[in-house]
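An overview of the molecular structure
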Amino acid sequence: MVDALKPDWVSGREGARPEQARKALLRLERILKHARAVDPSVPIEIVELAKVQLGGQGHRVQPQRALPWQQMPAVYAALGVSAADLGLKVVVLTALRTGSVAPARWGEMTEDVWLVPPERMKGRVTGDPPFRVPVSWQLNDLFRQARRHDNGSGLVFPASGKGRRPGSKRNVGHINPDSWRKRLADLGFDMVPHGVRSVFVDWALENKVCDREMAERCIAHSVDNETTRAYLRSDFLEQRRQIMAKWADFVTDQTFHETIAGRRYPDGMVETWSRADVAAEAEAEESRKQSHESVTEALKRTRFDGWEGEDTNDWIPVDRVRTDSDADS
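This is a predicted model, so every value here is computed, not measured. (Residues numbered from 1 in each chain as written. Predicted model: local features only at pLDDT ≥ 70, side-chain atom pairs only at ≥ 80, totals over all residues. Heavy atoms only, no water.)

**Details of the environment of aspartate 150**
Here is the rule we go by: Put simply, DSSP H or I for four residues or longer makes a helix, DSSP E for two residues or longer makes a strand, and each gets a number counted from the N terminus. What qualifies as a polar contact is a pair of N or O atoms within 3.5 Å, subject to a donor-acceptor requirement within protein and to the restriction that residues adjacent in sequence count only when both atoms come from side chains.
If you trace the backbone, aspartate 150 turns up in the loop between helix H7 (137-146) and helix H8 (178-186). As for aspartate 150 and tryptophan 106, which are separated by 44 residues in sequence, their C-alpha atoms are 9.4 Å apart. Side-chain polar atoms of aspartate 150 contact the backbone nitrogen of glycine 152, separated by 3.0 Å.

**Some words on the packing of helix H5 (residues 83-94) against H7**
Formally: Working convention: axes come from line fits to C-alpha atoms, limited for helices to the stretch in contact. Angles between N-to-C directions cover 0 to 180 degrees. Any angle from 65 to 115 degrees is called roughly perpendicular, while one under 35 is roughly parallel, one over 145 is roughly antiparallel, and all others are oblique. Less than a right angle of anticlockwise turn of the near helix away from the far helix marks a crossing as left-handed, whereas a clockwise turn marks it as right-handed. The contact rule is simple, with two residues in contact once any of their heavy atoms fall within 4.5 Å.
One way to put it is that H5 packs onto H7 with a least axis distance of 10 Å and a crossing angle of 165°. Considered as vectors, H5 and H7 are oriented roughly antiparallel to each other. Seen along the crossing, H5 lies across H7 with a hand that is left-handed. Residues Leu86, Lys89, Val90, Leu93 and Thr94 of H5 pack against Gln138, Leu139, Leu142, Phe143, Gln145 and Ala146 of H7.

**Notes on the packing of aromatic side chains**
Stated formally: In this scheme Phe, Tyr and Trp rings, the latter by its six-membered ring, pair at centre separations within 6.5 Å, and the angle between planes marks the pair as stacked below 30 degrees, edge-to-face above 60, and tilted otherwise. Think of it as a cone above the ring: NZ of Lys or CZ of Arg counts as a charge over the ring if it is within 6 Å of the ring centre and within 35 degrees of the ring normal.
In this structure the tally under the stated criterion is 7 aromatic pairs. Following the ring pairs from residue to residue traces out a cluster consisting of Trp69, Phe200, Trp203, Trp247 and Phe250. Note that lysine 89 overlies the ring of tyrosine 76, its terminal NZ or CZ placed 5.0 Å from the centroid. Above the face of the tryptophan 106 ring, arginine 147 is positioned so that its terminal group lies 3.7 Å from the ring centre.

**Topic: the nonpolar core**
Basically, it comes down to this: Only buried residues count toward a nonpolar core. Its members are Ala, Val, Leu, Ile, Met, Phe, Trp, Tyr and Cys residues joined through side-chain atoms within 4.5 Å. Burial classes follow relative accessibility: with a 1.4 Å probe on protein chains only, a residue under 20% of its type's maximum area counts as buried, one over 50% as exposed, and anything between as partly exposed.
Of all hydrophobic cores here, the largest spans 56 residues; its most connected members are Met72, Trp114, Phe143, Phe157, Phe200 and Trp247. Once residues lying within four places of it in the same chain are set aside, the contact partners of tryptophan 247 are Met72, Val92, Leu93, Val196, Val199, Phe200 and Trp203. Judged by nonpolar contacts, the second largest core, of 10 residues, contains Val2, Trp9, Ala21 and Val42.

**What to know about the confidence of the model for the protein chain**
Heads up, the rule is: Note on scores: pLDDT gives the predictor's confidence for each residue, bounded by 0 and 100.
Looking at the protein chain, pLDDT values average 78 and 71% of them are 70 or higher. When the criterion is pLDDT under 50, residues 162-171 qualifies, and its contacts beyond four places in sequence or with other chains add up to 10 contacts. Ignoring residues within four places in sequence, the model shows residues 304-329, a span with pLDDT below 50, making 29 contacts including any to other chains.

**Description of the packing of H5 against H8**
At their nearest, the axes of H5 and H8 sit 10 Å apart, and the two run at 90° to each other. In terms of orientation, H5 and H8 fall into the roughly perpendicular class. Packed against H5, whose contacting residues are Ala84, Asp85, Gly87, Leu88 and Val91, the element H8 presents Trp180, Arg183 and Leu184 at the interface.

**Let's talk about the environment of leucine 96**
Structurally, leucine 96 is set in the loop between H5 and helix H6 (98-101). Along the backbone, leucine 96 and isoleucine 219 are 123 residues apart, and their C-alpha atoms lie at a distance of 6.0 Å. The residues contacting leucine 96, other than those within four sequence positions of it, are Val91, Val101, Trp114, Val116, Met121, Phe131, Val133 and Arg197.

**Quick notes on empty space enclosed by the protein**
If a probe the size of a water molecule is rolled over the atoms, the empty space left behind becomes visible. Defined as follows: In this analysis, the protein atoms alone were mapped onto a 1 Å grid. Cavities are point sets where a 1.4 Å probe fits without being able to get out; pockets are open sets with protein on both sides within 12 Å along at least five of seven lines; lining residues have an atom within 4 Å of a point. Grid points are joined across faces, edges and corners, and a volume is the space filled by probe spheres set on the points. Charged residues are taken to be Asp, Glu, Lys and Arg, nonpolar residues to be Ala, Val, Leu, Ile, Met, Phe, Trp, Tyr, Cys and Pro, and polar residues to be all remaining types, Gly included.
Applying the stated criterion across every chain yields a total of 1 cavity of 30 Å³ or more. In terms of lining, the largest cavity is formed by Leu93, Thr94, Leu96, Phe131, Val133, Pro134, Ser136, Leu139, Cys218, Arg240 and Met244. Looking at the lining of the largest cavity element by element, the count peaks at 3 residues for strand E2 (residues 131-134). A per-class count over the lining of the largest cavity returns 8 nonpolar, 2 polar and 1 charged.

**What about H5?**
Under the convention used in this document: Multiplying 1.5 Å by the helix residue count minus one yields the expected span of that helix.
Between its terminal C-alpha atoms H5 stretches 16 Å, which fits the 16 Å expected from 12 residues at 1.5 Å a residue. Among the 12 residues that make up H5, 11 are buried, leaving the element largely enclosed by the rest of the structure. Those residues of H5 that sit buried are Ala83, Asp85, Leu86, Gly87, Leu88, Lys89, Val90, Val91, Val92, Leu93 and Thr94. Looking one or two residues beyond H5, the residue adopting positive phi is alanine 95, at roughly 60°.

**Examining a nonpolar patch on the surface**
Cut-off, in case you're wondering: Patch membership is restricted to residues that have no salt bridge and whose relative accessible area is over 30%. Joining uses 9 Å for like charges and 5 Å for the nonpolar side chains Val, Leu, Ile, Met, Phe, Trp and Tyr. The method behind every accessible area is Shrake-Rupley, applied with a 1.4 Å probe, and residues are considered shielded solely by the protein chains displayed. By definition here, a salt bridge exists when the distance from a side-chain nitrogen of Lys or Arg to a carboxyl oxygen of Asp or Glu is within 4 Å.
Side chains of Met1, Leu28, Ile31, Ile46 and Leu49 sit close together on the surface and give an oily, nonpolar patch of about 420 Å² of accessible area. Elements with a minimum of two residues in the nonpolar patch: helix H2 (18-38) and helix H3 (46-54). On the secondary structure map, leucine 49 appears in helix H3.

**Digging into unusual backbone geometry**
Notably, lysine 208 is not glycine yet its phi reads approximately 55°, a positive angle. The topology assignment puts lysine 208 in the loop between helix H9 (195-206) and helix H10 (212-218). A positive phi angle, near 55°, is found at phenylalanine 236, a position not held by glycine. Along the polypeptide, phenylalanine 236 turns up in the loop between helix H11 (226-231) and helix H12 (237-251). On the basis of relative accessibility, which here comes to 18%, the residue phenylalanine 236 falls in the buried class.

Here is the structure:
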């Protein structure tokens, strides 16, 4: 066991795959535990001994790429209405892991709550209660749009293309979550779908929407120890509903502003124009136009020595200006 895992165990070694080695050891441990249940002589302690011999992995947690929370409305506005884009929008609005969203089924949905099975939630096992996701009106609207792509499989976000059958070993029938990472890159956003989770927490804390503990509960992070969880019965659904509604309002620009245009620069930064920005610019342009027309009308009523002025860009000394009243006198 040690000899098989050692080449991939230590992070940083050329060609090493430490995460795959760690998962392989966990699977071996599960297999041995099941075997021990059948045959008490199976030595499950060899897994712990192998961990001692393998030593530390030298693993460093790498943060997922994410954008400043101020740019999330631009990300959302850039997405369309294909099944893949709608799924990615759901990831943005819920801040769930992609593995929880991609296999979503219509049977999990109600008007105001989405019940995500424990098997699709990290840290939960079969038999645990489902994670209740509060459904904002924006999220409900996305689900209504997704109905257009319903192929009868029961999947909310079915994969497109030939040869993609629900239940096949080659493709499980739902959209491939990895395609969302590529979609963001193609749009020019330097972030990954998982990064939305940290962006949401940053937004909640910086805008004092809630404390860190509640922000972590919103993204289904465990913030309690096993003893506390045994006594704590509430999942704070209604509190989370209010927070996620504010997040949805911000991302879709219902409260802060409504993005209708954007400009992308070579360094990846995005300048967004809100509807309020455009309205203010239009008002200023109208004011400039009226001012220009007023000056032009005044010039039309003004005669100069040898010519009449029509162009407001032409300027002459004031002492050369002679009005109609001056001429009459």
